[in-house]
Amino acid sequence: MDLYEKFARTMTRRSFLGRASTGIGSMALASLLSPSTSRADDTGVRAIHHPPKAKRVIHLYQAGGPSHLETFDYKPKLGQMNGQPMPESFTKGQPIAQLQGAKLTCFAPQHPFKRFGKNGVEMSELFPKLGAVADEICIVRSLVTEQINHDPAHTFMNTGTSISGRPSMGSWLWYGLGADTDNLPGFVVLTSSGRGGQNQPIATRQWSSGFIPSKYQGVHFRSQGEPVLYLGNPAGVTPGRQRDVIDSVDALNRIHLDSVDDPEIATRISQYEMAFRMQSSVPALMNLSDETEETLKLYGTKGADGSFAANCLLARRLAERGVRFIQLYHRDWDHHGNLKNDIKLKAEEVDGPAAALITDLKRRGMLDETLILYGGEFGRTPMAQGNGRDHHIKGFSCWLAGGGIQGGLMHGATDELGYHAAEDIVHVHDLHATMLHVLGIDHKRLTFKFQGRDFRLTDVHGNVVQKILA
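Residues numbered from 1 in each chain as written. Predicted model: local features only at pLDDT ≥ 70, side-chain atom pairs only at ≥ 80, totals over all residues. Heavy atoms only, no water.

A few points about the overall build of the protein
Move 1: Looking only at helices and strands, one finds 13 helices and 17 strands in the protein.
Move 2: Counting only residues that meet the buried cut, the protein has 56% of its 470 residues in that class.
Move 3: Restricting the contact set of the protein to residue pairs at least 6 apart, pairs at least 24 apart contribute 78%.
Move 4: In the structure as shown, the protein presents an accessible area of about 19,700 Å², 52% of it carried by carbon and sulfur atoms. (Helix = DSSP H or I, 4+ residues; strand = E, 2+ residues; numbered from the N terminus. Buried < 20%, exposed > 50% of the residue type's maximum accessible area, 1.4 Å probe, protein only. Contact = heavy atoms within 4.5 Å. Areas by Shrake-Rupley, 256 points an atom, 1.4 Å probe, with all protein chains shown as cover.)

Some thoughts on the pairing of strand S5 (residues 187–192)
Move 1: Buried residues dominate S5, accounting for 6 of its 6 residues.
Move 2: Covered by surrounding structure in S5 are Phe 187, Val 189 and Thr 191 together with Val 188, Leu 190 and Ser 192, the residues of both alternating faces.
Move 3: Sheet topology note: the S5/strand S7 (residues 325–330) ladder contains 6 bridges and is parallel. Of the residues in S7, the one forming a bridge with Val 189 is Gln 327.
Move 4: Note that S5 and strand S6 (residues 219–220) share 2 bridges and pair parallel. Paired with Val 189 across the bridge in S6 is His 220. (Pairing = 2+ DSSP bridges.)

Topic: helix H6 (residues 150–159)
Move 1: With 8 of 10 residues buried, H6 is to be regarded as a mostly interior element.
Move 2: Residues of H6 that are buried include every one of His 150, Ala 153, His 154, Thr 155, Phe 156, Met 157, Asn 158 and Thr 159, and no others.
Move 3: One or two positions beyond H6, positive phi appears at Gly 160, with a value near 80°.

Let's talk about helix H11 (residues 308–320)
Each α-helix winds once per 3.6 residues, and so residues spaced three or four apart point in a common direction.
Move 1: The end-to-end C-alpha distance of H11 is 18 Å, a good match for the 18 Å that 13 residues give at a rise of 1.5 Å each.
Move 2: For H11, a buried count of 12 out of 13 residues is recorded, marking the element as mostly surrounded by other parts of the structure.
Move 3: All of the buried residues in H11 are Phe 308, Ala 309, Ala 310, Asn 311, Cys 312, Leu 313, Leu 314, Ala 315, Arg 316, Arg 317, Leu 318 and Ala 319.
Move 4: Backbone geometry just downstream of H11 places Gly 322 in the positive-phi region, at approximately 95°. (Expected span 1.5 Å × (residues − 1).)

Structural notes on the pattern of salt bridges
Move 1: Per the counting criterion, the structure on display carries 27 salt bridges.
Move 2: Linking Arg 364 and Glu 291 is a salt bridge whose minimum nitrogen-to-oxygen distance equals 3.9 Å. In this pair, Arg 364 sits in the loop between helix H12 (339–363) and strand S8 (370–375) while Glu 291 sits in the loop between helix H9 (263–286) and helix H10 (293–299), placing the two residues 73 residues apart along the sequence.
Move 3: Given a relative accessible area of 35%, Arg 364 falls into the partly exposed group. (Salt bridge = Lys/Arg side-chain N within 4 Å of Asp/Glu carboxyl O.)

Details of the packing of aromatic side chains
Move 1: One pass over the structure, following the stated rule, counts 15 aromatic pairs.
Move 2: Ring centres 5.7 Å apart and planes at 75° place the aromatic pair Tyr 175 and Tyr 216 in the edge-to-face group. With a gap of 41 residues between them, Tyr 175 in helix H7 (residues 169–177) and Tyr 216 in the loop between S5 and S6 connect regions that are remote in the sequence. As far as the burial class goes, Tyr 175 and Tyr 216 line up, both buried.
Move 3: Ring geometry for Tyr 374 versus Trp 399: centroids 5.0 Å apart, planes at 10°, classification stacked. (Phe/Tyr/Trp six-rings, centres within 6.5 Å; stacked < 30°, edge-to-face > 60°.)

Structural notes on unusual backbone geometry
Move 1: The backbone phi angle of Asp 332 is positive, close to 85°, even though this residue is not glycine.
Move 2: Position of Asp 332 relative to the elements: it lies in the loop between S7 and H12.
Move 3: For Asp 332, a relative accessible area of 1% puts it in the buried group.

Some words on the nonpolar core
Move 1: Residues Leu 60, Leu 130 and Trp 399 are the most contacted members of the largest nonpolar core, which totals 52 residues.
Move 2: Of all the elements, H12 adds the most residues to this core, at 10 residues.
Move 3: Look past the residues within four positions of Leu 60 in its chain and what remains in contact with it is Phe 308, Cys 312, Leu 328, Ala 354, Leu 357, Ile 372, Leu 373, Tyr 374, Gly 375 and Trp 399.
Move 4: Membership of the second largest hydrophobic core comes to 47 residues, among which are Tyr 216, Cys 398, Val 438 and Phe 448. (Core = buried A, V, L, I, M, F, W, Y, C linked by side-chain atoms within 4.5 Å.)

A few points about the pairing of strand S1 (residues 56–62)
Move 1: Among the 7 residues that make up S1, 7 are buried, leaving the element largely enclosed by the rest of the structure.
Move 2: Burial along S1 is two-sided: Arg 56, Ile 58, Leu 60 and Gln 62 and Val 57, His 59 and Tyr 61, pointing in opposite directions, are all buried.
Move 3: Sheet topology note: the S1/S8 ladder contains 6 bridges and is parallel. Directly across from Arg 56, in S8, lies its bridge partner Thr 370.
Move 4: The pairing of S1 with S7 spans 6 bridges and is classified as parallel. Note on S7: the bridge partner recorded for Tyr 61 is Tyr 329.

Put into structure tokens, the structure is as follows:
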């Protein structure tokens, strides 16, 4: 008996228990799948529960907490009360971040609003280009969340819980549906920052796969320099020699997998293969020379320069190539001071590119099958913090466009001062449930068994927001 055969036949008590527990998890996963779609690869549809309206998601994440009161939720009454004490009936007993113990005064909207499109969708004049595509956008003005500080609020928005270590929504989606590409990850993250505002850090755990197999973790593509570090071959290593190394390593990994049946070994095998294919697919993705001058001008970029504009164009290219979940983090929206000037700078950075993404997808016939989600982790207070606003979780705004969503719509409302969500309240769990719904997934049925419990993105909560569906 040679060494490989001895290794393959090795079965310890630990590997037996690991294999048994994996089998239980496999049965739980199998309950999600129809017999005709139970392939274990990443390219097959695996958890469709009803006909989908969308195939993919592009999440334009505005990190730092954009003020709804200067962007998508106009409150003239707040303007009338500028400088007056904030009524205690709004704030008593409510969570407050940095304004604890401070005198609370009303702070007027710092920029005028305007109605756009056939239905008169109301948004700040800071967004004229988004206004030009207002008929494609649904603004949700009654969003609520549960965490009032940045890091836990990011975690909650991404995973549906403030407990670190849970799977992100991109990982849930990739796990549930697979990817439409063999050459790129099913979940890709791009980051950018710009002018105006505090540059809050973004933790890599925000795109973690948590307890779902790590093959479903989001992959961060750098927007400048090498998109993925160490992806290229060292000097003198040809593609053929690289292929030989991967085949040999895979053979050893498969022997080990047969012995211990550890899903992380299966991940290792698949990621070696993915990295090899990405050596050609990623440079082609990042090379924008095949884009027309008109398209580059539409987005407002000259190339992959790390800007939000370039990342929006890359998001379209990733969508074309079959990536399931594309997340763009754009930072600096934390405006505790200098709100009027700094939010103008941020709006200038995102207005044109976000509108261009909608326009470009529509003209390519892709908007109807792509859900675009735009928003941050929370909003800002109607009360002043100097010449800025504090964190706020009781009512804020986001917008959606594309697959399965009604355009030209304003859904929900906050009270007259923009403090509490008051009509058609949408919790983050509801947002997640609605996202999964348009992708053909029943959020209550997409589960993963971990530590004896069936977990899901929406936990034990969440309702589909039927009123915004097309």
